[in-house]
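# Per-entry structural report
Chain residues, written in single-letter form:
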Amino acid sequence: MAFAHLDVRRFCALLICTMFVSVPSNAEIKVNPPEDFEIVDPGYLGYLSLQWQPPLFLDNFKDCPIEYELKYRNIGSKYWKTIITKNLHYKDGFDLNKGVEAKIHTLVPAQCTNGLEVRSSWSEATYWTSPRGNEDTKVREMDCVYYNWQHLLCSWKPGVSAHLVTNYQLFYWFEGLKHAIQCPDYIKANGKNTGCRFPHLESSDYKDFYICVNGSSESHPIQPSYFIFQLQNIVKPLPPEYLSLTVENSEEVNLRWSMPKGPIPAKCFIYEIEFTEDDTTWVVRTLHLFGKNTTTVENE
């Protein structure tokens, strides 16, 4: 019988070497962050594009579905919005009265890295509109109403420190327009713009609607103001065309009215009724009648 003789010291050294040439651990697998990360303003009054390029040295992950985790917010906000994407760009709306910050890193899935997802370090970017003008030169008391879901009207007051010669201009944009558009029909007071009557806004409902009101003055710069809303959330319907009241007995009054005309569906209306019995105390009731146009008020 033949015996193999191996020195104990050599056996231990061989065992240690074997341990060090094993498959690299996940801690040794690294990936670079995306390149050329930036926030781009295409001129849509707050609808910005976040874009980047693939990270360097991806040869080791050619067959892996690389993804990117993107976080972004307005500066000062408590919460980050987060998305996971395979694309090299992402678009969303921001309040340009504040700065914007974003960060992104590369994700390599677990099937490519011995069972654990690998993430790169963060790449960061910020964006601010060009600062100009004093805060008190911005318009005040901006108010926009979408009358009867048909006609949008916005009005404002000049900034408290704006000079008398200051005049304001309004620009707006929503998805579907090729570029921002200036108000075509200004409301004026003493020759100055104090509001805007908008044209028919086709296909603008249920979309973010962006507005910028900036100004011009020969003496000092005017700080612009930015606004974002959706039209269906600022609708003011017409009142009913008529209201009839009949007294059935001493304890019951019947009210009947017409449903307001226009494109607003009947199911969307909520009615508020105010009534009084002694000319001093008014009672308010809010009614969900689902398209009905009659109710009964009983004497309590």
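Above this note sits the structure.
Below: a short report on this structure. This one's a predicted model, so the numbers in the text were calculated from it and none came from an experiment.

## Focus: the environment of Tyr271
Along the polypeptide, Tyr271 turns up in strand β20 (residues 271-276). When its relative accessible area of 7% is taken as the criterion, Tyr271 is described as buried. Separated by 32 residues in sequence, Tyr271 and Pro239 place their C-alpha atoms 9.7 Å apart.

## Brief notes about the packing of aromatic side chains
Tallied over the entire structure, the rule returns 16 aromatic pairs. Between the aromatic rings of Tyr172 and Phe198, the centroid separation amounts to 5.1 Å while the plane-to-plane angle is 70°, which identifies the pairing as edge-to-face. Of this pair, Tyr172 sits in strand β11 (residues 167-174) while Phe198 sits in the loop between β14 (192-197) and β15 (209-216), and the two are 26 residues apart along the sequence. According to the relative accessible area criterion, Tyr172 is buried, its value standing at 4%. On the numbers, 5.6 Å between centres and 20° between planes, the contact of Phe174 with Phe209 is stacked. Of this pair, Phe174 sits in strand β11 while Phe209 is found in strand β15, placing the two residues 35 residues apart along the sequence. Taken individually, Phe174 and Phe209 each receive the classification buried, so the pair is uniform in this respect.

## Here we look at the sheet that holds β14
One open sheet holds the five strands; their spatial order is β13-β14-β10-β9-β17, and the pairing between them is mixed. With one partner strand each, in any of the chains shown, β13 (186-189) and β17 (235-236) form the two edges of the open sheet.

## Let's talk about the state of the cysteines
Using the criterion set out here, one finds three disulfides in the structure. Bridging Cys64 to Cys112, the disulfide has an S-S length of 2.0 Å. Disulfide Cys64-Cys112: torsion about the S-S bond near -130°, hence left-handed. Taken as a pair, Cys64 in the loop between β2 (47-53) and β3 (67-74) and Cys112 in the loop between β6 (100-108) and β7 (118-119) lie far apart in primary sequence, 48 residues in all. There is a disulfide in this structure between Cys183 and Cys196, and the S-S distance comes to 2.1 Å. Here Cys183 and Cys196 share a disulfide; its torsion about the S-S bond, 105°, makes the bridge right-handed. Of the two residues, Cys183 sits in the loop between β12 (181-182) and β13 while Cys196 sits in strand β14, which places them 13 residues apart along the sequence. Here Cys183 matches Cys196 in class, with each residue buried. Taken in sequence order, the bonded cysteines of the chain link in the pattern 1-2, 3-4, 5-6.

What counts, and at which threshold
- Residues numbered from 1 in each chain as written.
- Predicted model: local features only at pLDDT ≥ 70, side-chain atom pairs only at ≥ 80, totals over all residues.
- Heavy atoms only, no water.
- Helix = DSSP H or I, 4+ residues; strand = E, 2+ residues; numbered from the N terminus.
- Buried < 20%, exposed > 50% of the residue type's maximum accessible area, 1.4 Å probe, protein only.
- Phe/Tyr/Trp six-rings, centres within 6.5 Å; stacked < 30°, edge-to-face > 60°.
- Pairing = 2+ DSSP bridges.
- Disulfide = S-S within 2.5 Å.

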